[in-house]
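Letter by letter, the chains look like this.
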Amino acid sequence: MSQAGISFEEMKAAMMKDGEFKTEYKKLRPRYEAIEQIIKARKEQNITQSELAKRVGTQKSNISRLESGNYNPSLDFLVKVAESLGKSLSIQIK
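Numbering of residues starts from 1 in each chain and follows the order in which that chain's sequence is written. The predicted origin of the model limits local features to residues at a pLDDT of at least 70 and limits the giving and counting of side-chain atom pairs to 80 or more, whereas totals for whole chains, interfaces and linings rest on all residues. Side-chain metrics rest on all non-hydrogen atoms present in the structure, leaving aside hydrogens and water.

Asker: Teacher, can you tell me more about the overall build of the protein chain here?
Answerer: Per the secondary structure count, the protein chain includes five helices and zero strands. Every helix listed is a DSSP run of H or I at least four residues long, and every strand listed is a run of E at least two residues long, numbered separately from the N terminus. Counting from the amino terminus, the protein chain carries its helices and strands in the arrangement α-α-α-α-α. For the radius of gyration, the atom set is restricted to C-alpha positions; the globular benchmark scales as 2.2 Å times the number of residues to the power 0.38. At 15 Å, the protein chain has a C-alpha radius of gyration far larger than the 12 Å of a compact globule built from 94 residues. A 1.4 Å probe rolled over the protein chains alone gives each residue an accessible area, and that area as a share of the maximum for its type sets the label: buried under 20%, exposed over 50%, partly exposed in between. Relative to its full complement of 94 residues, the protein chain shows a buried share of 23%. Taking the average location of the 17 positive side-chain charges in the protein chain and that of its 12 negative ones, the two points are 2 Å from each other. When charges are counted, Lys and Arg contribute as positive and Asp and Glu as negative, whereas His and the chain ends are disregarded. By convention, the point assigned to a charge is CZ for Arg, NZ for Lys, CD for Glu and CG for Asp.

Asker: Is there a simple way to explain helix 5 (residues 75–84) in this structure?
Answerer: What sets the pattern is the α-helix's 3.6 residues per turn: residues three or four places apart point alike. When helix 5 is considered as a whole, its buried residues turn out to be Phe77, Leu78, Val81, Ala82 and Ser84. Angular distribution of buried residues about the axis of helix 5 spans 165°; they occupy a single face of the element. Structural note: helix 5 exposes Asp76 and Glu83 on the side pointing more than 90 degrees away from its buried face. A contact between two residues is defined here by any heavy atoms of the two lying within 4.5 Å. If you follow the buried residues of helix 5, they end up packed against helix 2 (19–44), helix 3 (49–56) and helix 4 (60–68). Looking at the residues trailing helix 5, positive phi occurs at glycine 86, about 75°. Think of it as the arc spanned by the lines of direction from the helix axis to the C-beta atoms.

Asker: Where do I start with the packing of aromatic side chains in this structure?
Answerer: Two measures describe an aromatic ring pair: the distance that separates the ring centres and the angle between the ring planes. Any two rings among Phe, Tyr and Trp, with Trp reduced to its six-membered ring, count as a pair given centres within 6.5 Å; such a pair is stacked if its planes are under 30 degrees apart, edge-to-face if over 60, and tilted if neither. Within this structure, the stated rule accounts for two aromatic pairs. When the centroid spacing of 6.1 Å and the interplanar angle of 25° are considered together, the rings of phenylalanine 21 and tyrosine 25 count as stacked. Of this pair, phenylalanine 21 and tyrosine 25 both sit in helix 2, four residues apart, which is roughly one turn of the helix. For phenylalanine 21, a relative accessible area of 27% gives the class partly exposed. Given a relative accessible area of 24%, tyrosine 25 falls into the partly exposed group.

Asker: Would you explain the nonpolar core in this entry?
Answerer: Across soluble globular proteins, nonpolar side chains show a tendency to be buried alongside one another. Among the nonpolar cores identified, the biggest contains 12 residues, and these are Ile38, Ala41, Ile47, Leu52, Ala53, Val56, Ile63, Leu66, Phe77, Leu78, Val81 and Leu85. Of all the secondary-structure elements, those providing two or more residues to this core are helix 2, helix 3, helix 4 and helix 5. Not counting the four nearest positions on each side in its chain, leucine 52 is found in contact with Arg42, Ile47, Ile63, Val81, Ser84 and Leu85. To define a nonpolar core, start from buried Ala, Val, Leu, Ile, Met, Phe, Trp, Tyr and Cys residues and group those joined through side-chain atoms within 4.5 Å.

Asker: Please explain the environment of isoleucine 63 as it appears in this structure.
Answerer: As for its placement among the helices and strands, isoleucine 63 is situated in helix 4. By relative accessible area, isoleucine 63 is classed as buried at 0%. Taking the C-alpha atoms as reference, isoleucine 63 lies 8.8 Å from valine 81; in sequence the two are 18 residues apart. Dropping the residues within four chain positions of it, isoleucine 63 is found in contact with Gln49, Leu52, Ala53, Val56, Thr58, Phe77 and Val81.

So this is what it looks like as structure tokens:
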């Protein structure tokens, strides 16, 4: 079964040709990399957003907003999420 339309990677490559988009993307990249890692860890453990929310002690809507990129979480919240997934949070300044 094939999917209609353009893939995310194709769309991203096209948009990266725009200098302003590329600059903004680079600014947000750390946030989206963290989100990607959270989603990956959650899916590897085969748990729902609701289950993760219970583990963290928050509402499912907060996990949903975090995973969609519509929430700017505190460092403490990210630590709780990581620990709830059996992970640790590591921040590196380059």
